[in-house]
Amino acid sequence: MEDVNTEEKLRAALETHPCYSEEAHTKFARMHLPVAPKCNIQCNYCNRKYDCSNESRPGVTSEVLSPEAAMDRVGTVLEKIPHLKVLGIAGPGDPLANEETFETLRLMKERYPELTACVSTNGLALPERAEELYGLGVRFITVTMNALNPETGGQIYGSVRWKGERLTGKAAAERLIENQKEGIRICAGLGMVVKVNTVMIPGINDGEIPELVR
């Protein structure tokens, strides 16, 4: 009975999630909470030196909020936009490299259990933290995967920080790709809905995208 109820809740969440439903995109709102400034990898295409209100790039935000401030902001937005249904944590760094992410999720579960929690990650720390995310109510996870071939990944990622060690080149890409695949397997096994995003870099990874999609 519990499994049926869980499936029904997930189906209902999908119907009100703008990222997964074209119909929901016109009826319900989502909000990103910038509570995670630190990152555990360095992408060669990521420039965090400036921010502009007229654009949206990975790794930047006009303001980083504490978990408490983020909850206050959610309350303010809900008063003005009652059709808010989804709260996402996507950075500006990697959410799983910041304990503030998990504190924010704990507060969200306590204060706004009716809202859907989403997390976007590069996937490096996903195998270690997937079950914790699930326990905090996260049922939607997005993993940014830009390569399957470590040689290609070595051109995309400048460095990866893993277990206190800084990896570069092919070694960095191998570790990241393996963790991404394992993290996705774990999340799918838990019953989470997993979405994969890809940054297309012409001349670098564009030829690998069909295989990455498969």
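Asks: Tell me about the pattern of salt bridges, and please be specific about residues and values.
Replies: Enumeration over the complete set of coordinates arrives at 11 salt bridges. Salt-bridge contacts for R111 lead to E68; the nearest nitrogen and oxygen are separated by 3.0 Å. You can see R111 sitting in helix α4 (residues 99-111) and its partner E68 sitting in helix α3 (residues 67-80), a full 43 residues away along the chain. On the basis of relative accessible area, R111 is assigned to the partly exposed category, the value being 34%.

Asks: Account for the packing of helix α5 (residues 126-135) against helix α7 (residues 169-190), with residues named and values stated.
Replies: Between two packed helices, both the angle of their axes relative to each other and the distance between the axes serve to describe the pair. Between α5 and α7, the shortest axis-to-axis distance is 8 Å and the interhelical angle comes to 25°. It follows from the interaxial angle that α5 and α7 lie roughly parallel. Handedness of the α5/α7 crossing: right-handed. On the side of α5, the interface is formed by L126, P127, A130, E131 and Y134, while α7 contributes N179, E182, G183, I184, I186, C187 and L190. Partitioning the contact of α5 with α7 into residue classes produces eight nonpolar, two polar and two charged.

Asks: Describe the side chain of N146, naming the residues involved and giving the relevant values.
Replies: Checked against the element boundaries, N146 lands in the loop between β5 (140-144) and α6 (150-156). Residue classification places N146 among the buried residues on the basis of a relative accessible area of 2%. From its side chain, N146 meets the backbone nitrogen of V199 in a polar contact 2.8 Å long. Those residues within four positions of N146 in sequence are excluded, and the remaining contacts are Y45, I156, Y157, T198, V199, N205 and L212.

Asks: Give a description of the nonpolar core that names residues and reports values.
Replies: L33, V74, L105 and L133 are the most contacted members of the largest nonpolar core, which totals 34 residues. When contributions to this core are tallied by element, the ones reaching two or more residues are β1 (29-32), α3, β3 (84-89), α4, β4 (116-121), α5 and β5. Looking at this core element by element, the count peaks at five residues for α3. With near-sequence residues (within four places) excluded, V74 lies in contact with M31, L33, L84, L87, Y112 and L115. C43, A147, L167 and I201 belong to the second largest nonpolar core, which has 12 residues in total.

Asks: Give a description of the pairing of β4 that names residues and reports values.
Replies: If a strand is regular, its side chains alternate between the two faces of the sheet. Burial analysis of β4 places five of its six residues in the buried class, which makes it a mostly covered element. As paired strands, β3 and β4 are joined by four bridges and run parallel to one another. By the bridge assignment for β4, G88 is matched with C118. You can see the chain leave β3, run along α4 and come back into β4, and the turn it takes is right-handed. Where β4 meets β5, four bridges bridge the pair, whose relative direction is parallel. Paired with T121 across the strands is V143, a residue of β5. For the handedness criterion, the β-α-β arrangement of β4, α5 and β5 is classed as right-handed.

Quick notes on the rules
Residues numbered from 1 in each chain as written. Predicted model: local features only at pLDDT ≥ 70, side-chain atom pairs only at ≥ 80, totals over all residues. Heavy atoms only, no water. Salt bridge = Lys/Arg side-chain N within 4 Å of Asp/Glu carboxyl O. Helix = DSSP H or I, 4+ residues; strand = E, 2+ residues; numbered from the N terminus. Buried < 20%, exposed > 50% of the residue type's maximum accessible area, 1.4 Å probe, protein only. Axes fitted to C-alpha atoms, helices over the stretch in contact; angles between N-to-C directions. Parallel < 35°, antiparallel > 145°, perpendicular 65-115°, else oblique. Left-handed = near helix turned anticlockwise from the far one by under 90°. Contact = heavy atoms within 4.5 Å. Nonpolar A, V, L, I, M, F, W, Y, C, P; charged D, E, K, R; others polar. Polar contact = N/O pair within 3.5 Å; in protein donor to acceptor, adjacent residues only side chain to side chain. Core = buried A, V, L, I, M, F, W, Y, C linked by side-chain atoms within 4.5 Å. Pairing = 2+ DSSP bridges. Right-handed = clockwise from strand over helix to strand, strands pointing away.

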